[in-house]
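# Inside the fold
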Amino acid sequence: MQSPMTFEICRALTQLTRQLLEAGEQATETHVLAKGQVYRVAVSLEPVPIEQLPDVIQRYR
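Let me begin by describing the structure that accompanies this report. (Residues numbered from 1 in each chain as written. Predicted model: local features only at pLDDT ≥ 70, side-chain atom pairs only at ≥ 80, totals over all residues. Heavy atoms only, no water.)

### Quick look at the environment of Leu13
- By secondary structure assignment, the location of Leu13 is in helix α1 (residues 7-22).
- Residue Leu13 is classed as partly exposed on the basis of its relative accessible area of 37%. (Helix = DSSP H or I, 4+ residues; strand = E, 2+ residues; numbered from the N terminus. Buried < 20%, exposed > 50% of the residue type's maximum accessible area, 1.4 Å probe, protein only.)

This is the structure:
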């Protein structure tokens with residue numbers, strides 16, 4: 001199981017998701033510099049089918 005993300009990371013990802021959707025995009029790639037290293041970052045948005053929502057919600061309990 002993945003370790004839980006901090007509130008700040010979840011908030012930043014929510015903001016990024018909103019910006020991507022407002023721009024009509026569902027994926028992006030870029031490079032970032034962090035702690036002296038360059039990282040490739042790829043984000044893709046995949047809508048969750050309604051029948052899977054109970055499983056998703058359960059993961060956050």
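### Observations regarding unusual backbone geometry
- Even without glycine at this site, Lys35 takes up a positive phi of about 55 degrees.
- Structurally, the position occupied by Lys35 is in the loop between β1 (27-34) and β2 (37-44).
- The class for Lys35 is exposed, based on a relative accessible area of 90%.

### With respect to the environment of Tyr39
- Mapping Tyr39 onto the fold places it in strand β2.
- Once the C-alpha coordinates of Tyr39 and Arg61 are considered, the two residues, 22 residues apart in sequence, prove to be 32 Å apart.
- Setting aside its immediate chain neighbours within four residues, Tyr39 contacts Thr30, His31, Val32 and Ala34. (Contact = heavy atoms within 4.5 Å.)

### Considering the environment of Val43
- With respect to the secondary-structure elements, Val43 resides in strand β2.
- Placed 28 residues apart in sequence, Val43 and Gln15 show a C-alpha to C-alpha distance of 13 Å.
- In this structure, Val43 is in contact with Leu16, Leu20, Gln26, Ala27 and Thr28, ignoring residues within four places of it in sequence.

### So, the pairing of β1
- Summarising the sheet, β1 and β2 pair through eight bridges and their orientation is antiparallel. Each residue of the ladder has a partner; that of Ala34, found in β2, is Gln37.
- Remark: two residues form the turn of the hairpin made by β1 and β2, two consecutive strands paired antiparallel; Lys35 in that turn has positive phi of roughly 55 degrees. (Pairing = 2+ DSSP bridges.)

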